[in-house]
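Okay, here's what each chain looks like letter by letter:
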Amino acid sequence: MTTYVYDFADGNKDLKDLLGGKGANLAEMTNLGLPVPPGFTITTQACQAYLQAGTEPDELAAEIGDHLARLEQKMGRRLGDPDDPLLVSVRSGAKFSMPGMMETVLNIGLNHESIRGLATQSDNERFAADSYRRLLSMFGSTVLHVDSELFSEAIDEAKKAKGTTADLDLDVDDLRALAQRYEKIIEEHTGRPFPQDPREQLDLAVRAVFDSWNTERAVLYRRSERIPEDLGTAVNVQAMVFGNRGMSSGSGVGFTRDPASGHQGVYGDYLANAQGEDVVAGIRNTVSLDDMAEMDPTSHDELMQIMATLENHYRDMCDIEFTVEQGKLWMLQTRVGKRTPEAAFRIAVHMADEGLITMDEALQRVTGQQLAQLMFPRFDDAARRDLLATGMNASPGAAVGKVVFDWATAVDWAEKGEDVILVRKETSPEDLHGMMVSKGILTSRGGKTSHAAVVARGMGRTCVCGAEALDVDARHGRFTVRGGPVIHEGDLISIDGTTGEIFAGAVPVADSHVVRYFEGQDVDEPLVDAVRRLMEHADTKRRLHVRTNADTPDDAARARRFGAEGIGLCRTEHMFLGDRRLLVEHLIVAESEEEQEAALAELLPLQRQDFTQILEAMDGLPVTIRLIDPPLHEFLPDYTELSVKMAVADVRGHRKRHERKLLDAVRRLHEQNPMLGLRGVRLGIVIPGLFVMQSRAVLEAAAARIKAGGDPRPEIMIPLVASVRELELVRTKILAVAREIQEAEGVELPVHIGTMIELPRAALTAEQIAPSAEFFSFGTNDLTQMTWGFSRDDVEAAFFSQYLESGVFPVSPFESIDQEGVGALVRRAAEAGRQARPDLHLGVCGEHGGDPESIHFFDDVGLDYVSCSPFRVPVARLEAGRSAIG
């Protein structure tokens, strides 16, 4: 029989699959003897059963009742008792942290009778009234689906009538009147009064948390973070402790290290006479934990001890939530804290230096995605800036965009190609979609632990919070800088998430310090030192080599500075564009072998020069050169445009022989599906001189480099091979050219000939192809297209968003390798190829070569190298190291 409910004392931190992250960590803190209000966790299995059946498991209600009775016995109070009520919170808690995405309800158990008992028991009528109005607001919006703006407008009206802007200025009579207004709103919009039965409140709240797993914002967040859809959430029911019982009470959020910069030392926010939701929502600006030390030194000292205990226990930076109730500290949550990329690298190295973790573990604490974010540009220090204000540096980066004041406008403008900065007083979960499409987020309230800051850090968005000098008027589409200008919707601003500065207009950007380090410049900065140490450790650990995709000497040189160990893909077709297109046209329209040979002879010295420069830039390292791959029509003018041009010329009597031959060639080469037509190896067979010319250019360039004292290591790659016979036909001609050049130049040429594996047939007949190839390079872009039957240029815009939303795949197969389908072909070809030829060299040159998740897969398959764009070479090096140890 399945157990659906566990007391906190019965769990531990390793049960996240069952108890969710919050429940598992509450159990762990309970077992550590920390001051945790007692409670119980309803498991993710209960949620999964509910979502599948549309109703709770039959035995769940009884299990909740049993554990509620134990909680009541432990606390010496009954839920909703009229004289001395037990109140509980109901909070979500999935396996993976999803901050603000699902529901929380506080003060369950209050009603018209128990509110009097709470007032008597606490000797504080205002506190009881405030707690009840909070329950009505939270329950009404999250459980009964009443628009939360209605409650916000009601409290704003109450404060306006009182002549104040602070919640704390509302007295008990104001709060009672506000609660009556809230009850009226609920009844008007639901058709029934607010439920007075405490157990009904609890059951409805639990169901609301289950339902919140499938809210639009939760689904969107999971898709963004690649969190599986079928996990479900746990529900934590916990005895309430109150931070709103006067100025000797309060609530806070803390980190054992700064989550934005990685600086050592605790960081956090505290708000006196407030519940935890007030801190996270940024409704009032908080004070620091240092300020808390002056307000309540006893609770502060205990908190510092507990935070040190948790960091040492978890061996990682911890994020904690706590409440002080009349001088008594209570711990409400802990988890391994989300952090910015900069903080991740610095904290990992700090903890290794402190002996908390090993360097292997430090390497596992950072990711290639985080490194890529650190390589993004930053604002140019030398640029002129017009400073508007300064807030808290909540999530680093440099963001420039047009100001928008609501999520819907952000989405609308972003879809039109505009860069936007979302500006709010404070964000809420409803803003998630707008936050995801914005370049940056700016709020006038809240701190580094506010909703905006936590979500922005998790998504890698630049964020500045708590810019108090800004008066945000979203209704009228503007914000006013205190003592300064008015910024309207659509105006350009720039925000610096590293310094917290906000600038008018667009500030120019420059290379990041991390990129300057990879370029070989001396950069004296703690972050760069952390990156250097972890990159060096990754390089000592990795088995997988990292090459680059480069078509020019400049790209090759930059990639080499970034740590590339050769070129895995040099696309020769890119060398035929620009001024050389006319020479290719001459080749295509040639009407005899003599004309064809003449056109190839013109191209030969140009190609030879290209390869000489690239081999020089990569001297001593392998350079895989792919012979021309795309169909020839790509080098010709558009058929319709050329037809119109010729028709006009005919009318005017201006006939041009070359254009007429071009038009004939376009007609002759026209294909219904050119990507499956005359391209790749098929071109080399139909126009044999083309591949011969290119191979000659490569090998003559290599011979020249050898005679000049260089160490060229060219590898000639034949694209789009489906049959071993295709490869052999071309290979024979290349070897003949090589022998001719060796005899003429008197040098021993390194001749390595291989093929791309980019067709399913090639993968399925790899054992036949391998004896004729010295290497395989998996072209996973085309292999993905051919395996899925997708035309990438068409399908991504046409229906990929719908496929992602409906779960056909969790991420685009062009972004991360489809391990079950395309990956199975890669694995099969690698194993069969090596079985037929043990010395077969294996690599990948598609875009997946720079994708962190795909790199781990390729390492597992046993490939020798991945190849990616120069900018992603450091990312691939880091991930290859992480894969080797993990």
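Residues numbered from 1 in each chain as written. Predicted model: local features only at pLDDT ≥ 70, side-chain atom pairs only at ≥ 80, totals over all residues. Heavy atoms only, no water.

Q: Just give me the short version of the overall build of the protein, but keep the residues and values in it.
A: When helices and strands are counted, the protein shows 36 helices and 33 strands. Each principal axis of the C-alpha atoms in the protein carries an extent, and together these give about 105 × 65 × 55 Å. A total of 886 residues make up the protein; the buried ones form 55% of that total. When contacts within the protein are restricted to residue pairs at least 6 apart in sequence, long-range pairs at least 24 apart make up 69% of them. Split by element, the accessible area of the protein, about 36,000 Å² in all, is 47% carbon and sulfur. (Helix = DSSP H or I, 4+ residues; strand = E, 2+ residues; numbered from the N terminus. Buried < 20%, exposed > 50% of the residue type's maximum accessible area, 1.4 Å probe, protein only. Contact = heavy atoms within 4.5 Å. Areas by Shrake-Rupley, 256 points an atom, 1.4 Å probe, with all protein chains shown as cover.)

Q: Account for the pairing of strand β24 (residues 501–504), naming residues and giving values.
A: Examined bridge by bridge, strand β14 (residues 387–390) and β24 share 3 bridges and lie antiparallel to one another. Each bridged residue has a counterpart across the sheet, and for Ala-389 the counterpart in β24 is Ile-502. By the bridge criterion, 4 bridges tie strand β23 (residues 492–496) to β24 in an arrangement that is antiparallel. Residue pairing for β24: Asp-496 is matched across the bridge by Glu-501. Counting the residues that bridge the hairpin from β23 to β24 gives 4 residues, and of these Gly-500 lies at a positive phi of roughly 85°. (Pairing = 2+ DSSP bridges.)

Q: Explain helix α36 (residues 873–885) to me, and be specific about the residues and the numbers.
A: The periodicity of an α-helix, 3.6 residues per turn, causes residues three or four positions apart to be oriented the same way. An ideal rise of 1.5 Å per residue puts 18 Å on 13 residues; α36 measures up with 19 Å between its terminal C-alpha atoms. Burial of α36 is extensive: 11 of the 13 residues sit out of reach of the surface. Every buried residue of α36 is listed here: Val-873, Pro-874, Val-875, Ala-876, Arg-877, Leu-878, Glu-879, Ala-880, Gly-881, Arg-882 and Ser-883. (Expected span 1.5 Å × (residues − 1).)

Q: Can you lay out the packing of helix α22 (residues 581–589) against helix α23 (residues 593–617) for me, pointing to particular residues and giving the numbers?
A: Each packed pair of helices is defined by two parameters, the angle between the axes and the distance between the axes. The N-to-C vectors of α22 and α23 enclose an angle of 155°; their axes lie 8 Å apart at closest approach. Judged by the angle between their axes, α22 and α23 are roughly antiparallel. In the crossing of α22 with α23, the sense of the turn from one axis to the other is left-handed. Packed against α22, whose contacting residues are Leu-583, His-586, Leu-587 and Val-589, the element α23 presents Glu-595, Gln-596, Ala-599, Leu-600, Glu-602, Leu-603 and Leu-606 at the interface. Its residues placed into classes, the contact of α22 with α23 shows 7 nonpolar, 2 polar and 2 charged. (Axes fitted to C-alpha atoms, helices over the stretch in contact; angles between N-to-C directions. Parallel < 35°, antiparallel > 145°, perpendicular 65-115°, else oblique. Left-handed = near helix turned anticlockwise from the far one by under 90°. Nonpolar A, V, L, I, M, F, W, Y, C, P; charged D, E, K, R; others polar.)

Q: Give a detailed account of a negative patch on the surface, specifying residues and quantitative values.
A: A grouping of Asp-147, Glu-149, Glu-153 and Glu-157 is seen on the molecular surface, where their side chains present a negatively charged patch. With respect to the helices and strands, Glu-149 occurs in helix α6 (residues 148–162). (Patch = residues over 30% accessible without salt bridge, like charges linked within 9 Å, V, L, I, M, F, W, Y side chains within 5 Å. Salt bridge = Lys/Arg side-chain N within 4 Å of Asp/Glu carboxyl O. Lys, Arg positive; Asp, Glu negative; His and termini not counted. Charge placed at Lys NZ, Arg CZ, Asp CG, Glu CD.)

Q: Describe the sheet that holds strand β8 (residues 250–257), listing the residues and the values that go with them.
A: One open sheet accounts for 5 strands, arranged β10-β9-β8-β11-β12; its pairing is antiparallel. The sheet is open, and its two edges are formed by β10 (287–288) and β12 (328–336), each paired on a single side. Across 2 bridges, strand β9 (residues 264–272) lies against β10 in antiparallel orientation. Within the sheet, the bridge partner assigned to Asp-269 lies in β10 and is Ser-288. Here helix α12 (residues 297–314) sits on the sheet in contact with β8, β9, β11 (318–325) and β12, set at roughly 25° to β12.

Q: Help me get a handle on the pairing of strand β28 (residues 622–626), residues and values and all.
A: Counting buried residues along β28, 5 of its 5 residues qualify, which places the element largely inside the surrounding structure. Alternating positions in β28 separate into two faces, Pro-622, Thr-624 and Arg-626 on one and Val-623 and Ile-625 on the other, with burial throughout. Across 3 bridges, the pairing between strand β27 (residues 567–571) and β28 is parallel. Residue pairing for β28: Arg-571 is matched across the bridge by Arg-626. Where β28 lies against strand β29 (residues 713–718), 5 bridges are found, and the strand directions are parallel.

Q: Tell me about the packing of α23 against helix α27 (residues 688–707), and please be specific about residues and values.
A: Their axes nearest at 8 Å, the elements α23 and α27 cross at an angle of 45°. Overall, the two elements α23 and α27 adopt an arrangement that is oblique. Where α23 crosses over α27, the handedness of that crossing is right-handed. Judged by residue contacts, Leu-600, Leu-603, Leu-604, Gln-607, Arg-608, Phe-611, Thr-612, Leu-615 and Glu-616 of α23 engage Gly-689, Leu-690, Met-693, Gln-694, Arg-696, Ala-697, Val-698, Glu-700, Ala-701, Ala-702 and Arg-705 from α27. For the contact of α23 with α27, the residue count by class is 11 nonpolar, 4 polar and 5 charged.

Q: Give a detailed account of the sheet that holds strand β31 (residues 775–778), specifying residues and quantitative values.
A: Strand order in the closed barrel formed by 8 strands is β26-β27-β28-β29-β30-β31-β32-β33, and the pairing between neighbours is parallel. Neighbour-to-neighbour, the strand axes of this sheet turn through a mean angle of 30°, independent of strand direction. Bridge count for β31 against strand β32 (residues 841–844) is 4 bridges, and the pairing is parallel. Residue pairing across strands places Phe-775 opposite His-841, the latter belonging to β32.

Q: Can you lay out the nonpolar core for me, pointing to particular residues and giving the numbers?
A: Phe-345, Leu-371, Val-531, Ile-718, Phe-776, Phe-778 and Leu-863 are the most contacted members of the largest nonpolar core, which has 120 residues in total. A total of 9 residues in this core trace back to one element, the largest contributor, which is α27. Membership of the second largest hydrophobic core comes to 56 residues, among which are Cys-47, Ala-129, Leu-178 and Ala-179. (Core = buried A, V, L, I, M, F, W, Y, C linked by side-chain atoms within 4.5 Å.)

Q: Tell me what's going on with the packing of aromatic side chains, and back it up with residues and numbers.
A: By convention here, two paired aromatic rings are described through the distance between centres and the angle between planes. As enumerated under the stated definition, the model contains 20 aromatic pairs in all. Centroid distance Phe-405 to Phe-479: 6.4 Å. Interplanar angle 65°. Geometry classified as edge-to-face. Of this pair, Phe-405 sits in the loop between β16 (398–404) and α16 (407–415) while Phe-479 sits in strand β21 (residues 478–481), placing them 74 residues apart in sequence. Per residue, the accessibility class of Phe-405 equals that of Phe-479, and both read buried. Arranged with centres 4.8 Å apart and planes meeting at 50°, the rings of Phe-799 and Tyr-803 form a pair that is tilted. Among the residues examined, Phe-799 registers a relative accessible area of 25% and is labelled partly exposed. (Phe/Tyr/Trp six-rings, centres within 6.5 Å; stacked < 30°, edge-to-face > 60°.)

Q: Before we move on, could you go through the environment of Lys-22 and cite the residues and values that matter?
A: Inspection of the secondary structure assignment puts Lys-22 in helix α1 (residues 16–31). Owing to a relative accessible area of 16%, Lys-22 belongs among the buried residues under this scheme. The spacing of Lys-22 and Arg-91 is 69 residues in sequence and 8.9 Å in space, taken between C-alpha atoms. Setting aside anything within four residues of it in sequence, one finds Lys-22 in contact with Arg-91, Ser-92, Gly-93, Ala-94, Asn-236 and Gln-333.

Q: Break down the environment of Asp-319 for me, with residues and values.
A: Inspection of the secondary structure assignment puts Asp-319 in strand β11. Residue classification places Asp-319 among the buried residues on the basis of a relative accessible area of 4%. Once the C-alpha coordinates of Asp-319 and Met-307 are considered, the two residues, 12 residues apart in sequence, prove to be 8.9 Å apart. Asp-319 has contacts with Val-253, Gly-254, Phe-255, Gln-333, Thr-334, Arg-335 and Gly-337, leaving out every residue within four places of it along the chain.

Q: Quick rundown of helix α3 (residues 60–75)? Include the residues and the values.
A: Between the first and last C-alpha of α3 there are 22 Å, a value that for 16 residues agrees with the 22 Å anticipated at 1.5 Å per step. When α3 is considered as a whole, its buried residues turn out to be Leu-60, Glu-63, Ile-64, His-67, Leu-68, Leu-71 and Glu-72. Once α3 ends, the next one or two residues include Gly-76, with phi positive near 70°.

Q: An account of the side chain of Ser-494 is requested, with residue identities and associated values reported.
A: Of note, Ser-494 is situated in strand β23. One polar contact links the side chain of Ser-494 to the main-chain carbonyl oxygen of Gly-505, over a distance of 2.7 Å. Setting aside its immediate chain neighbours within four residues, Ser-494 contacts Phe-379, Ala-399, Val-400, Glu-501, Ile-502, Phe-503, Gly-505, Ala-506 and Val-507. (Polar contact = N/O pair within 3.5 Å; in protein donor to acceptor, adjacent residues only side chain to side chain.)

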